[in-house]
Amino acid sequence: MKEDVICLSRITKTYDGKNVLNDISLKIKKNEIFGLLGPSGAGKTTIVRLLTGQINADSGSAEVFEENTSGLTSSDKRKIGIVMDNYGVYERLSCKDNLELFARIYNIDPQRIDFVLKKVGLAGESKKAAGKLSKGMRQRLILGRAILHEPELLFLDEPTSGLDPVTSSHIHDLLFELRENGTTIFLTTHNMNEATKMCDNIALLNCGKIIEYGNPKEICSRYNTDFSVTVKTIDGKVLCLKKDSENWKKLVEVIVNKDILSIHSNEPNLEDVFLQVTGRGLE
Ligand SMILES: Nc1ncnc2c1ncn2[C@@H]1O[C@H](COP(=O)(O)OP(=O)(O)OP(=O)(O)O)[C@@H](O)[C@H]1O
Ligand SMILES: [Mg+2]
């Protein structure tokens, strides 16, 4: 049986009298890619801060590697990598010097620096000061720093937010590769496509509460109630047919008698699910 790398049980957190996390329970297994999906202010970063030992909860328990996150030892911390806004980046140092500094602190073989710079596509920028990097390059430097010590568990708070599709896709490939090599990945996003593509399991977070949990595709099929299909024909007609015997007869008729351009099933996506449960969108 796979072990749980992360275990949150009945977590609550209040800021300025406002309940920011409300009875959060979650388990994440080793080697899983888990996504926390929710709109701005839902509490995603607060959960990452809690799990990485940067803040404490008001009540409930938060464990990584079966250790309470309020008292992580340095050997536990060494097993964790963190990608958050500007986390651990020294603006005036070059990309290489940033990684060298971190490598010295963690006693990492310096040869790994060039390997990681290449891996995150920054080999050509190694001498450039971090403060002069573009947003996408900067994000890749933060990721490079986070994976330099080959962590078993990687936290990424909105790793591709505001990045172009090519850079995002490069980061996704890297994350899949890390998972292949045994890393457990916890990411936050408000991008439903990213969550659907990347994650084995997701939790939908709204106002500090988990409102849905599971495999993204399974969640979407659970909310697929009308099983409709849309058929487009060469002559420009579009038919949207809900599942019932009359409509299905019509569908067969169209397939047999018309030139079909496309047929799509209309199951909801995560955005539709979120909207259905909360009455608001993810963005
Ligand atoms: N240090 C703090 N002091 C007071 N309130 C805070 C603090 N940190 C977070 N909050 C509040 O907690 C709530 C959740 O914030 P959090 O940063 O976790 O949201 P998020 O889901 O990460 O949003 P985003 O998608 O915008 O990053 C917000 O209402 C925020 O204002
Ligand atoms: Mg956030």
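Each remark here, short or long, concerns the structure printed above.
The following refers to the structure shown. Note that the coordinates shown come from a computational prediction; the quantities given were computed from them, not determined experimentally.

## Concerning the nonpolar core
In this structure, Leu143, Leu154 and Leu175 are the most contacted members of the largest nonpolar core, which totals 45 residues. Looking at which element gives the most residues to this core, the answer is helix H5 (residues 135-147), with six residues. Every residue in contact with leucine 154, bar those within four places of it in the chain, is listed here: Gly81, Ile82, Val83, Leu143, Ala146, Ile147, Leu175, Leu178, Thr183, Thr184, Ile185 and Phe186. The next biggest cluster of nonpolar side chains, apart from the first, holds 29 residues, and it includes Leu26, Met84, Phe186 and Ala203.

## Here we look at the site of ligand 1
Residues in contact with ligand 1 amount to 14 residues; listed here are only the nearest, Ser40, Gly41, Lys44, Thr45 and Thr46. Here an oxygen atom of ligand 1 sits 2.9 Å away from a polar atom, N or O, in the main chain of glycine 43. One nitrogen or oxygen atom from the side chain of lysine 44 is found 2.7 Å from an oxygen atom belonging to ligand 1. Look at ligand 1: alone it shows 640 Å² of surface, and the protein chains cover 64% of it. Secondary-structure elements contributing two or more residues to the shell around ligand 1 are strand S2 (18-29) and helix H1 (44-51). Looking at the shell around ligand 1, the element that brings in the most residues is H1, giving three residues. Its residues placed into classes, the shell around ligand 1 shows four nonpolar, six polar and four charged.

## Some thoughts on the packing of aromatic side chains
Tallied over the full model, the rule gives four aromatic pairs. Ring plane angle 45° and centroid distance 4.6 Å describe the contact between phenylalanine 102 and tyrosine 106, whose orientation is recorded as tilted. Ring geometry for phenylalanine 155 and phenylalanine 186: centres 5.4 Å apart, planes at 50°, overall tilted. Taken together, the residues phenylalanine 155 in strand S7 (residues 153-157) and phenylalanine 186 in strand S8 (residues 184-189) connect sequence positions 31 residues apart. A relative accessible area of 0% places phenylalanine 186 in the buried class. These aromatic residues form a ring-pair network of at least three members: Phe34, Phe155, Phe186 and Tyr213. One cation-aromatic arrangement involves lysine 79 over phenylalanine 65; the distance from NZ or CZ to the ring centre is 4.3 Å.

## Points about the sheet that holds strand S13 (residues 260-265)
In sheet architecture, strand pairing relies on hydrogen bonds along the backbone and comes in two forms, parallel and antiparallel. Taken together, three strands build an open sheet; the order of strands is S12-S11-S13 and the sheet is antiparallel. Because the sheet does not close on itself, it has two edges, and the strands there are strand S12 (238-241) and S13. If you compare each strand with its neighbour and ignore which way they point, the axes differ by 15° on average. The sheet contact formed by strand S11 (residues 229-233) and S12 spans four bridges and is antiparallel. Its bridge partner lying in S12, valine 231 is registered against leucine 239. Packing of helix H9 (residues 245-257) onto the sheet brings it into contact with S11, S12 and S13, and relative to S12 it is tilted by some 150°.

Conventions adopted
Residues numbered from 1 in each chain as written. Chains lettered and ligands numbered in written order. Predicted model: local features only at pLDDT ≥ 70, side-chain atom pairs only at ≥ 80, totals over all residues. Heavy atoms only, no water. Core = buried A, V, L, I, M, F, W, Y, C linked by side-chain atoms within 4.5 Å. Buried < 20%, exposed > 50% of the residue type's maximum accessible area, 1.4 Å probe, protein only. Helix = DSSP H or I, 4+ residues; strand = E, 2+ residues; numbered from the N terminus. Contact = heavy atoms within 4.5 Å. Near = heavy atom within 4 Å. Polar contact = N/O pair within 3.5 Å; in protein donor to acceptor, adjacent residues only side chain to side chain. Areas by Shrake-Rupley, 256 points an atom, 1.4 Å probe, with all protein chains shown as cover. Nonpolar A, V, L, I, M, F, W, Y, C, P; charged D, E, K, R; others polar. Phe/Tyr/Trp six-rings, centres within 6.5 Å; stacked < 30°, edge-to-face > 60°. Lys NZ or Arg CZ within 6 Å of the ring centre and 35° of its normal. Pairing = 2+ DSSP bridges. Axes fitted to C-alpha atoms, helices over the stretch in contact; angles between N-to-C directions.

Read these as geometric descriptors, not functional statements.
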